[in-house]
Amino acid sequence: MFIKGTNKGITTNAYGFYSITLDKGVYELVCSYIGYKPCTKKIALDKDIDLNFKLKEDNFLQEVEVVAEKNSITEQVQSTQMSAISIPVEQIKNIPTIGGETDIIKVLQLMPGIKRGGEGQNGMFVRGGNIDGNLIQLDEATVYNVSHLFGFFSVFNNDALKDITLYKGGFPAQYGGRLSSVVDIRMKEGDMKQFHVDGGIGLLSSHLTLQGPIKKNRISFLISGRRSYIDRVFNLAWGKDVLPYFFFDVNAKINIILGAKDRLFLSGYVGDDVLKSNAGDSSSFIGGGFRLGNLTTTLRWNHVYTNKLFSNISLISTRFRYDVEAFMSGNSFLARSRINDLGAKADYNYYANTKHTVRFGGFYTHHAFSPNMVSTAGEISNVILSRNNKQIFTQEFGAYISDDWVIDSLFRINIGARWSNLATGNVFYPAIEPRISATYNFAKNQSLKLGYSRMKQYLHLVSSSAVALPTDLWYPVTRNVKPLVADQVALAYNYGLPKINSLITVETYYTKMGNMIDYREGAVLALNDKYEQELVVGKGRAYGVELFISKTKGAFTGWIGYTISWSKRNFPALNEGKGFLDKNDRRHDLSIVASYELTKRFSVSAVWVYATGQRFTPVTGNFLVSNAAMNGVSTLPIYSQRNAYEMPAAHRLDISFIIKTRFRPRLKYTGEWHLGAYNAYNRAQPQKIAVESDGNGAYKYVAKGRFGLIPFVAYNFKF
Amino acid sequence: MYKSFKYIAVAAIVAACQPKPIDVKVKPAPEKLVVSSSVIPNRIMVVTLTRSFSALDATANAGTVTESQLQSLLVKNAFVTISYGGRIDTLHKMSDGVYGSSDVLLTNYSSYLLYARDNDSGLEVTATTSMMPYKTFDTINVFKTEKGVCNVHFKISDDLANTNYYVVNFIHKLKGDSNRGLQQFYTNSNSDYENYMDLLNDDSFTDAVYESTKELPSVGPNDSIAVSIANISQGYYEFLSAFKRAGNFINALTAEPIHYPTNVNNGYGFFNAYYPQVRVFDMKDH
């Protein structure tokens, strides 16, 4: 939102509320939001007024469009926010991915500073951090498990989402609890005027979304569902349940306008991964399965107290669960884990004047962790004992305040702090987390930004690096496991080219991480309820330079993201106390995303990614050793130094062609076909290291990928 | 349309390509000598020498080590000495890979320096250890529960004057028809024996006494078991702890990478000197 002919402007909050103080006079106010046509209103201002804008979708912007912030190019250059990426979900639907279904997490992985994990997986490693350093929220509710199918799909169904914002530095004071990044995902609110249906049929899953008014201009709803049918496809191909696996998601939201100053939102999400062998019962030879997923509910109340004070009060609950069961020849095994969070947040925006926008609030979350409850029967119960571990309760609470201060036309600063606390048992961890970022607009459409953030993290993911299991568990900090802490400094240069809707950003960062945890050598994490004994404490540091060039409008759109970075660790108990590179220290990371609209009905999109290989610790030899009873020998491995080797670089090309069906005005129906291929030139994306015969009687190390070329086709429709 | 999509999906799976693996250059671990040692009845110091092998060696990729492969790893021509208290004793070859001497004087807490050279490969190692004092059970007895499960009850006392580490081994000799089922995947055992190992340190003791009952469910009524105890060095205790944690079949697959502790310079394994007390029980008598 800005005043035409001046340098005055303001950004709305996430709910669209804004307040701007001006002298009496005549003004032209321009409101813009990416993906929508700008709207201009002329006003003669002689008293306080309420002015609402209703933006229309810009049909021209059907292609890839990603911006570094929600506002115009100029606002992005001038704002104090740095290290943030905002993506309107509608704008990324053409990006090719596995199965033809765009995945917002995988799109984020194409951004500079964000490393992906293994091939096809949804793990993110942001600026040298770990996978558990990302706080991912859906309508403010924490989502603990963000993946389906062991990471190949995210749990976020695009049809139900409005936008996604990722902060990888310069963290606003209202966010905290993780070291590396915050991903704030907002669901659509449901159309207050018209009924809509969106849907799609893909190779692996289908989805359908309904939205519309319950009471026109007062109450709207949205419900969206998605289910995979990999199980059915395999059944069709082989005539039996080769892979009895499926996942599903349901998102729902109700949006109620209570009055001119009050609005209520109730939103929820439920999604599970289900693998259930049809073998039946414990008398069968072998069988089992798992069920894991999230359930979130958010109730939010927006209230406008005055034309300068806005509040959002939220009640939030999250449940994450996993159940894993197996049975074999009279043995049975069941492992269950739960996390139940119940919390509240109050967030206030105070628009004091044109120079100061103050944001403050408080939060409280009660966490209940029930990890690794195991029930076994049969012979296996002799080696895996049944146990019903005690629940672990923690309380996370605190408050924050920040002021976005426009010092003059050249300088802006956002200064704030977050007071966070965690209480568990009789242990109490308080912390002050300073947050500051400043912008110097030294030339037209050019700025320098400098930011500093301290982040604290009060829980961590216990996850084996040796083998991917569905039993990765979240644990809170304890008396012995201290909160993780990170200090990050970032410096950015921004150059906006508004005439061609382009932005160039070069950003460098340095992050120092303390109280980091890793696992002692030989740690066995699967089903280990004494995991604290397996942890070792150390520190890390990460630094790098990121380049981001984007073009957001026109027939040709896309971006280039490049990162050169280092991520180092130092743990006295690991690698003989010598420092080592992190597994995800991937020196070079390049993403090129391009989309071109050939005609109004035909478009082509392509993604090319290149990344230095992940680091790994291979077994380089073996030795035989007598056991303690001296009645036999065992073969033990010899490992290299920790993460001493680098897998071959991963690079691939994904392409898609989008063919829109003819518009049928009477039905208001539009459809589009997505045809394309993942990994078009069939290059292995190194995922794991194996030793194989070279065919001449000798052996060699090889890096294997999961997928080669995978063609896809999908059909999406809307009416 | 749904059905059509399923057919298209099947076609896509069929059309999907498996990418060719990419060769990776990894420097194999250089061959080194591996030391194991013990003091056997009659107080003979015995050192076993083998050679480590590359992960690209056929032995590493055979699944199990065959007798012929084991033979090829044994050091057959070595010069081995033990230095202590100003004297040097040469260990004599007892069999391929096994060197020993009854001349070595074993004195509690004395320091012993091992030197070994493989005359064929030229590989050399040295290692230093101390002779640990002989440790015995205060009491030990074996009984069967009402369900017929073998239990071993034992009690030991700690020497409060020193920091001590102990290993207690339970050895069940398997018969030809023994069915160990799932347990073989969870124990650090070989095919002929079922071994259980308890490791104790000073923290395990209450008022300098450790008392425990070990259940051995797979021991049959006609089987026999051996139970041993030994006072071991801290270094060997840490080696065995790592071995117990990550050495079995299941854990070897799921555990984090590990560098096994060693006191062998330029080699692997562990050189130690302890003399266990071994008690043998025939279940027919219990």
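Structure: see above.
A few words now on the pairing of strand 31 (residues 556–570) of chain A. Residue and element names in this part refer to chain A. Of the strand pairs in this sheet, strand 30 (residues 535–551) and strand 31 are connected by 13 bridges, and their pairing is antiparallel. Bridge pairing in strand 31 places I549 opposite I560. Linking two consecutive strands that pair antiparallel, namely strand 30 and strand 31, is a turn of four residues; a positive phi of about 115 degrees is found at G554 within it. In the sheet, strand 31 pairs with strand 33 (residues 588–597) via nine bridges, with the strands oriented antiparallel.

All names here are of chain B. Ordered by their spatial adjacency, three strands build an open sheet running 10-11-14, and the pairing between neighbours is antiparallel. The two strands at the open ends of the sheet, each matched to only one other strand, are strand 10 (139–144) and strand 14 (209–216). When strand polarity is set aside, the average angle formed by the axes of neighbouring strands in this sheet is 15 degrees. Bridge count for strand 10 against strand 11 (residues 150–157) is six bridges, and the pairing is antiparallel. Residue pairing across strands places F143 opposite N151, the latter belonging to strand 11.

We now examine the state of the cysteines. Residues and elements named next belong to chain A. Within this structure, the stated rule accounts for zero disulfides over all chains. C39 carries a free sulfur, and the closest cysteine sulfur to it, the one in C31, is 6.7 Å from it. C39 gets classed as buried once you look at its relative accessible area, which sits at 19%.

With 81 residues of chain A at the contact, the number on the chain B side is 74 residues. Along the contact surface separating chain A from chain B lie eleven residue pairs in polar contact (both at pLDDT 80 or more). Ranked by the residues each element gives to the side of chain A that touches chain B, the list is headed by strand 36 (residues 619–626) of chain A, at eight residues. Of the residues that constitute the side of chain A that touches chain B, the class distribution is 49 nonpolar, 21 polar and eleven charged.

Residues and elements named next belong to chain A. Throughout the structure, instances matching the rule amount to 13 cavities of 30 Å³ or more. The computed volume of the largest cavity comes to approximately 510 Å³. Every residue lining the largest cavity is counted, 32 residues in all, and those nearest its centre are L135, Q137, E140, T142 and K345. Of all the secondary-structure elements, those providing two or more residues to the lining of the largest cavity are strand 7 (134–138), strand 8 (141–142), strand 12 (181–187), strand 19 (309–328), strand 20 (331–351), strand 21 (356–377) and strand 22 (392–406). The leading source of residues in the lining of the largest cavity is strand 20, at six residues. Split into classes, the residues belonging to the lining of the largest cavity amount to eleven nonpolar, eleven polar and ten charged.

Moving on, we get to the side chain of A:S228. All names here are of chain A. Take S228: it is sitting in strand 15 (residues 219–228). A polar contact is formed between the side chain of S228 and the backbone nitrogen of F247, at a distance of 2.9 Å. The residues contacting S228, other than those within four sequence positions of it, are L204, S205, Y245, F246 and F247.

A few words now on the environment of A:D518. All names here are of chain A. With respect to the helices, strands and loops of the structure, D518 is situated in strand 29 (residues 502–519). Classification of D518 as buried rests on a relative accessible area of 16%. With 319 residues separating them along the chain, D518 and G199 place their C-alpha atoms 43 Å apart. Once residues lying within four places of it in the same chain are set aside, the contact partners of D518 are E534, L535, V536, F571, L574 and R642.

Residue and element names in this part refer to chain B. Under the counting rule described, the total for this entry stands at 41 aromatic pairs over all chains. Taking the centre distance of 4.8 Å and the plane angle of 45 degrees together, the rings of Y165 and Y237 count as tilted. With Y165 in strand 12 (residues 165–173) and Y237 in helix 3 (residues 234–246), this pair connects stretches of sequence that are 72 residues apart. You'll find Y165 and Y237 in the same group, each marked buried. A connected cluster of aromatic rings, assembled from ring pairs, spans F137, F154, Y166, F170, F205 and Y210.

It is worth spelling out the environment of B:S157 at this point. Residue and element names in this part refer to chain B. Inspection of the secondary structure assignment puts S157 in strand 11. Since its relative accessible area comes to 25%, S157 is described here as partly exposed. Remark: the alpha-carbon pair of S157 and F205, spanning 48 residues in sequence, is separated by 8.0 Å. When neighbours within four sequence positions are excluded, S157 is seen to be in contact with K135, D138, Y166, F205, A208 and V209. A polar contact of 2.3 Å, which involves the side chain of S157, links it to the side chain of D138.

On to unusual backbone geometry, then. In most cases, non-glycine residues show a negative phi, while peptide bonds are predominantly trans. Residues and elements named next belong to chain A. A positive phi angle, near 55 degrees, is found at S83, a position not held by glycine. Looking at the secondary structure, you find S83 in the loop between helix 1 (73–78) and strand 4 (84–88). Relative accessible area serves as the criterion here: at 5%, S83 is assigned to the buried category. Residues other than glycine seldom take positive phi values, yet N501 does so here, at roughly 50 degrees. If you trace the backbone, N501 turns up in the loop between strand 28 (484–497) and strand 29.

Reading the values: rules and limits
- Residues numbered from 1 in each chain as written.
- Chains lettered and ligands numbered in written order.
- Predicted model: local features only at pLDDT ≥ 70, side-chain atom pairs only at ≥ 80, totals over all residues.
- Heavy atoms only, no water.
- Pairing = 2+ DSSP bridges.
- Helix = DSSP H or I, 4+ residues; strand = E, 2+ residues; numbered from the N terminus.
- Axes fitted to C-alpha atoms, helices over the stretch in contact; angles between N-to-C directions.
- Disulfide = S-S within 2.5 Å.
- Buried < 20%, exposed > 50% of the residue type's maximum accessible area, 1.4 Å probe, protein only.
- Contact = heavy atoms within 4.5 Å.
- Polar contact = N/O pair within 3.5 Å; in protein donor to acceptor, adjacent residues only side chain to side chain.
- Nonpolar A, V, L, I, M, F, W, Y, C, P; charged D, E, K, R; others polar.
- 1 Å grid on protein atoms, 1.4 Å probe; cavity = no way out; pocket = protein on both sides within 12 Å on 5 of 7 lines; lining within 4 Å.
- Points joined across faces, edges and corners; volume = space filled by probe spheres on them.
- Phe/Tyr/Trp six-rings, centres within 6.5 Å; stacked < 30°, edge-to-face > 60°.

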